[in-house]
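Given next are the chains, with one letter for each unit.
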Amino acid sequence: MTTTHSTTSEAFLPRPSVPSFAVIPGAQVQRALQGREKQIVELIESIYRLHGAGDSVNPPSYFLRFPDRPSDRIIALPASVGGRVLVDGLKWISSFPQNVAEGIPRASAVMILNDHDTGYPFACLESSIISATRTAGSAALAANWLSRDRPRAKRVGFFGVGLIARYIHTFLTATGWSFDELGVYDLSAASAAGFCAYLKRSGTTGHITVCDSAERLIRSSDLIVFATVAGQPHVKDVQWFAHNPLVLHISLRDLAPEILLASTNIVDDVEHCLKANTAPHLTEQLTGSRDFLSGTLDDVMAGRVTIPAERPVIFSPFGLGVLDLAVGKYVYDEVARSGELHIIDDFFHELRRYG
Ligand SMILES: NC(=O)c1ccc[n+]([C@@H]2O[C@H](COP(=O)([O-])OP(=O)(O)OC[C@H]3O[C@@H](n4cnc5c(N)ncnc54)[C@H](O)[C@@H]3O)[C@@H](O)[C@H]2O)c1
């Protein structure tokens, strides 16, 4: 990242130096991202294309689980992004669903960005906002690309309405979607009420309905966003999808294999998504094959896969670390440009090999 020049004659080549180390809190992250939804979706599209072209390293996510706390987990997502972003790093994100009952968000996260040239970490960022942003940006991108050969949905249904559903609604509206009907379904009446209050504050002109059943929400929506914390499939009736909706299956574990088998299935990355008991993973286990998958979002964007209008289409994104890093680097660059980086002086201290 930064370079110094040797004064010795043998080396006029720039030598890498130790980068400074910055800490970027959530307020700065939010300021850097707010109102930039279109740019973020463009960035995410470029990263999917770059990943599809092989200019990235995105090993499997590592799940830390606890035998005594089966619903909790902390996931490590290491990644390396090539192209113009050129950064390595790690997102370390916790999911503790019981937090919500205590009045704090389910997910919390930090991200470390590592310098491409020296490997030195150069920033630690609050990352729950980055994670929600890349998830919502990817959902809005998919909604756009997967709707190209069907009428654009005017009836949206939000199935599970926490923080991620809020971000997805924000990204959809900021990228040009507007809805006549907005359906809301959640096991928790408090969540449904909180989300409806957010929708009203957002200025939506559509009609908001809190549905009393999952069936009603699905049958009355042409775009359905799943963002629950369900661990096993709980939606199993193929008939509910007879009107061929576009489904953003963000929470990954709501739909039974029968639904996927009756639909066109698009993922973000095949190897990633067929893991950790996601619905595509269960479908592969049931059928012994991957034939039910049509391809990746990159395949759709590159024209290698087309989406028939006369079937439901389901997007199941596992969530790629490369997206997190690209959004994290975007935030870093914005904060650096504004001259407001909080540098931790002397963070790397033992810098002479022999003292
Ligand atoms: N695929 C990705 O890249 C990605 C990225 C981020 C988050 N996620 C997933 O998004 C989901 C939502 O995250 P969040 O932070 O908004 O969580 P949250 O806890 O804030 O909200 C989840 C909501 O779902 C509701 N719910 C749970 N089970 C339900 C069910 N069976 N039917 C209806 N409602 C139900 C809960 O009452 C709650 O209101 C999580 O599963 C998370 O893992 C996916």
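The name given to the chain in an unreviewed UniProt entry is 2,3-diaminopropionate biosynthesis protein SbnB, with Ktedonosporobacter rubrisoli as the source organism.

Chemist: So what about the overall build of the chain? Which residues, and what values?
Modeler: On a plain count of helices and strands, the chain comes out with 11 helices and 18 strands. In summary, the chain has a C-alpha radius of gyration of 22 Å against a globular reference of 20 Å for 355 residues, a match within 12%. Here the chain holds 355 residues, and 41% of them are scored as buried. A fraction of 70% describes how many contacts in the chain between residues 6 or more apart in sequence connect residues 24 or more apart.

Chemist: Explain the packing of helix H2 (residues 37-52) against helix H4 (residues 163-174) residue by residue, including any values.
Modeler: One way to put it is that H2 packs onto H4 with a least axis distance of 9 Å and a crossing angle of 95 degrees. Our classification of the angle between H2 and H4 gives roughly perpendicular. Residues Glu-37, Lys-38 and Val-41 of H2 touch H4, and the partners they reach there are Thr-170, Phe-171 and Ala-174.

Chemist: Account for the sheet that holds strand S16 (residues 293-296), naming residues and giving values.
Modeler: With respect to topology, eight strands assemble into an open sheet ordered S12-S11-S10-S13-S14-S17-S15-S16, the strand pairing being parallel. A strand with exactly one partner marks an edge of an open sheet, and here the two such strands are strand S12 (207-210) and S16. Strand after strand, the sheet turns through a mean of 20 degrees between neighbouring axes, direction not considered. Direction of pairing for strand S10 (residues 155-159) relative to strand S13 (residues 223-226): parallel, over a ladder of four bridges. Within S13, the position partnered with Phe-159 by the bridge is Phe-226.

Chemist: Please set out the site of the ligand residue by residue, giving values where relevant.
Modeler: Around the ligand, the structure places 29 residues, and the nearest of them are Gly-160, Gly-162, Ile-164, Ser-191 and Gly-319. Secondary structure elements with two or more residues in the shell around the ligand: helix H3 (128-146) and H4. Ranked by the residues each element gives to the shell around the ligand, the list is headed by H4, at three residues. The class makeup of the residues in the shell around the ligand is 16 nonpolar, 11 polar and two charged. Each of domain 1 (21-130 + 321-344) and domain 2 (135-316) gives at least three residues to the shell around the ligand.

Chemist: So, unusual backbone geometry: which residues are in play, and what are the values?
Modeler: Even without being glycine, Leu-252 reaches a positive phi, approximately 70 degrees. Position of Leu-252 relative to the elements: it lies in the loop between strand S14 (246-249) and helix H7 (257-261). Residue classification places Leu-252 among the buried positions, given that 21 C-beta atoms sit within 10 Å. With a phi close to 60 degrees, Ala-276 is a non-glycine residue in the positive phi region. Mapping Ala-276 onto the fold places it in the loop between helix H8 (270-273) and helix H9 (279-287). A residue is classified by how many C-beta atoms lie within 10 Å of it, and Ala-276, with 15 of them, is partly exposed.

Chemist: An account of the nonpolar core is requested, with residue identities and associated values reported.
Modeler: The biggest cluster of nonpolar side chains holds 92 residues, and the ones touching the most others in it are Ala-139, Ala-143, Ile-168, Val-225, Leu-248, Ala-326 and Val-331. With 10 residues, H3 is the single largest residue contributor to this core. Residue contributions to this core reach at least three from each of two domains, namely domain 1 (21-130 + 321-344) and domain 2 (135-316).

Chemist: So what about the environment of Gly-231? Which residues, and what values?
Modeler: Among the structural elements, Gly-231 can be located in the loop between S13 and S14. For the pair formed by Gly-231 and Asp-254, sequence separation is 23 residues and the distance between their alpha carbons is 7.4 Å.

Chemist: Go over helix H1 (residues 26-33), please, and point to the residues and values.
Modeler: Three or more residues of H1 are buried, namely Gln-28, Val-29, Ala-32 and Leu-33. Looking down the long axis of H1, one finds its buried residues gathered within 125 degrees of arc, a one-sided arrangement. The secondary structure elements touched by the buried residues of H1 are strand S3 (22-24), H2, strand S9 (121-126), H3 and helix H11 (321-337). Looking one or two residues beyond H1, the residue adopting positive phi is Gly-35, at roughly 80 degrees.

Chemist: So what's going on with the domain arrangement of the chain? Which residues, and what values?
Modeler: One frequently used descriptor of interface size is the decrease in accessible area upon assembly of the parts. Domain boundaries assigned for the chain yield domain 1 (21-130 + 321-344) and domain 2 (135-316). If you look at the interface, domain 1 gives 17 residues, while domain 2 gives 19 residues. With 10 residues, H2 is the largest single contributor of residues to the side of domain 1 that touches domain 2. Of the residues in the side of domain 1 that touches domain 2, the class split is 10 nonpolar, two polar and five charged.

Reading the values: rules and limits
Residues numbered from 1 in each chain as written. Predicted model: local features only at pLDDT ≥ 70, side-chain atom pairs only at ≥ 80, totals over all residues. Helix = DSSP H or I, 4+ residues; strand = E, 2+ residues; numbered from the N terminus. Rg over C-alpha atoms; globule rule 2.2 N^0.38 Å. Buried ≥ 20, exposed ≤ 12 C-beta atoms within 10 Å, placed from the backbone. Contact = placed C-beta atoms within 7 Å. Axes fitted to C-alpha atoms, helices over the stretch in contact; angles between N-to-C directions. Parallel < 35°, antiparallel > 145°, perpendicular 65-115°, else oblique. Pairing = 2+ DSSP bridges. Near = placed C-beta within 6 Å. Nonpolar A, V, L, I, M, F, W, Y, C, P; charged D, E, K, R; others polar. Domains from an automatic or database assignment. Core = buried A, V, L, I, M, F, W, Y, C linked by C-beta atoms within 7 Å. Arc of directions from axis to C-beta.

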